[in-house]
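Spelled out, the chains give:
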Amino acid sequence: MMNNSILDDFKNAWNKPNNAPAQLIIINVVIFLVLGLLMVVSRVAGIDSVFQIVYNQFSIPPTLAEFITRPWTILTYAFAHSLSGIFHILFNMMVFYWFSKLILEFLGNNKVISIYILGALAGGVAYLLVYNLIPFYQDQAPGISGMVGASAAVYAIVVAAAVFMPNYTFFLLFLGPVRIKYIAAFYVIVSFLGSTGGNAGGNIAHLGGALIGWLYISQLRSGTDLGAWIIGFINWVKSFFVATPKIKVTHRSAPKQSRPRTSASASSGGKTEQEEIDAILDKISHSGYDSLSKEEKQKLFNASEK
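Residues numbered from 1 in each chain as written. Predicted model: local features only at pLDDT ≥ 70, side-chain atom pairs only at ≥ 80, totals over all residues. Heavy atoms only, no water.

Caption draft 1: Just the overall build of the protein, in detail. When helices and strands are tallied, the protein shows 14 helices and 2 strands. Among the 306 residues that make up the protein, the fraction classed as buried is 41%. Of the contacts made within the protein by residues no fewer than 6 positions apart, 68% connect residues no fewer than 24 positions apart. Summed over all atoms, the accessible surface of the protein reaches about 18,100 Å², with 65% contributed by carbon and sulfur. (Helix = DSSP H or I, 4+ residues; strand = E, 2+ residues; numbered from the N terminus. Buried < 20%, exposed > 50% of the residue type's maximum accessible area, 1.4 Å probe, protein only. Contact = heavy atoms within 4.5 Å. Areas by Shrake-Rupley, 256 points an atom, 1.4 Å probe, with all protein chains shown as cover.)

Caption draft 2: Fine view of a nonpolar patch on the surface. On the surface, a nonpolar cluster with roughly 620 Å² of combined accessible area is contributed by I86, F87, L90, M94, Y97 and W98. Note on placement: W98 falls in helix 6 (residues 87-107). Residue W98 is classed as partly exposed on the basis of its relative accessible area, which comes to 41%. (Patch = residues over 30% accessible without salt bridge, like charges linked within 9 Å, V, L, I, M, F, W, Y side chains within 5 Å. Salt bridge = Lys/Arg side-chain N within 4 Å of Asp/Glu carboxyl O.)

Caption draft 3: A look at the pattern of salt bridges. Applying the stated criterion across every chain yields a total of 2 salt bridges. Salt-bridge contacts for R70 lead to E66; the nearest nitrogen and oxygen are separated by 3.2 Å. As a salt-bridge pair, D225 and K111 come within 3.9 Å of each other at their nearest N and O atoms. Taken together, the residues D225 in the loop between helix 11 (200-221) and helix 12 (228-238) and K111 in helix 7 (residues 109-133) connect sequence positions 114 residues apart. A residue is classified by how much of its surface remains accessible, and K111, at 12% relative accessible area, is buried.

Caption draft 4: Quick peek at the packing of helix 7 against helix 12. For the pair helix 7 and helix 12, interaxial distance at closest approach is 9 Å and the crossing angle is 105 degrees. Here helix 7 is positioned roughly perpendicular relative to helix 12, judged by the angle of their axes. Of the residues in helix 12, those touching helix 7 at N110, I113, S114, I117, L118 and L121 are W229, I230, I231 and I234. Grouping the amino acids of the contact of helix 7 with helix 12 by side-chain chemistry returns 8 nonpolar, 2 polar and no charged. (Axes fitted to C-alpha atoms, helices over the stretch in contact; angles between N-to-C directions. Parallel < 35°, antiparallel > 145°, perpendicular 65-115°, else oblique. Nonpolar A, V, L, I, M, F, W, Y, C, P; charged D, E, K, R; others polar.)

Caption draft 5: Structural detail: unusual backbone geometry. Of note in this structure, N18 is not a glycine but carries a positive phi near 55 degrees. If you trace the backbone, N18 turns up in the loop between helix 1 (2-15) and helix 2 (20-45). Phi at F174 takes a positive value of approximately 75 degrees, unusual for a residue other than glycine. Structurally, F174 is set in the loop between strand 1 (169-172) and strand 2 (176-179).

Caption draft 6: View of the side chain of N28. Assignment of secondary structure puts N28 in helix 2. At 3.2 Å, the side chain of N28 forms a polar contact with the side chain of Y116. In contact with N28, not counting residues within four places along its chain, are A78, F79, A80, H81, I89, M93, Y116 and A150. (Polar contact = N/O pair within 3.5 Å; in protein donor to acceptor, adjacent residues only side chain to side chain.)

Caption draft 7: Structural context of helix 10 (residues 180-193). Along its 14 residues, helix 10 runs 20 Å from first to last C-alpha, staying within 8% of the 20 Å computed at 1.5 Å per residue. The elements touched by buried residues of helix 10 are helix 6, helix 9 (151-164), strand 1, strand 2 and helix 11. (Expected span 1.5 Å × (residues − 1).)

Caption draft 8: Examining the environment of H81 more closely. The residue H81 is located in the loop between helix 5 (73-76) and helix 6 in this model. On the basis of relative accessible area, H81 is assigned to the buried category, the value being 1%. Remark: the alpha-carbon pair of H81 and F58, spanning 23 residues in sequence, is separated by 8.8 Å. Here H81 is in contact with N28, F32, Y55, H88, I89, N92, M93, V148, G149 and A150, once residues within four sequence places are set aside.

Below you can see the structure in the form of structure tokens.
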């Protein structure tokens, strides 16, 4: 009974529209549980090599020579976590949930997915670059088995939210109200300071994710969506599994003539709407999201869904 209830909750969260944060968390949790189960079974059965082969498909190696043998890890690493404890995935998913809800509410579902994927890719690229181009890191590469974790993607979400609405406030335990721009700055500084430590590769990936989060929002404000290709690719894949509705042709009597809208007025209306959105974004940058009226919040959300 309880198992069915849990399964139903997962199904409802997965099938619910505009629910990217929960769906990405589900993917991470399911992969964590499957890998954990495989690890235990493999060890008990004395076939650790089986688990290691599977785990390697989610672990991005530091050297290019090994990376080209499994290039898909540039993305899969961001959906797996360390199995040495639960805090790695728990902390990542908690932070991701808090900040991704802001992106979801004000920029839309597709933006959450785009920033997550771009953050993962940027983190992986940064990781590979330092371990293959900078002597300090090249010397360490032979002793590193690889990297897993959604941290780079999470950092992209955190920084994107902070750039978009820097004065939005979270209430933190023991600290009280803190503007998210300071939370993002704290994460970036800590990762920078740790970029030569024991988790140097992970912290470099964090910085790569943070950079793409900043760049994404900056470009979005200029009218360029860096993640449009990601959504386009996902929709293309979905088209193979979702049947295209057949076109039904109907005949109706000609509608009554109405006064046509001139192209000048149409273009003027579009321009006015874009100006309104730009003004709202500027207002968020200067005064924070809380300064918006209910109507401005709704306009911003409607624009994100187009």
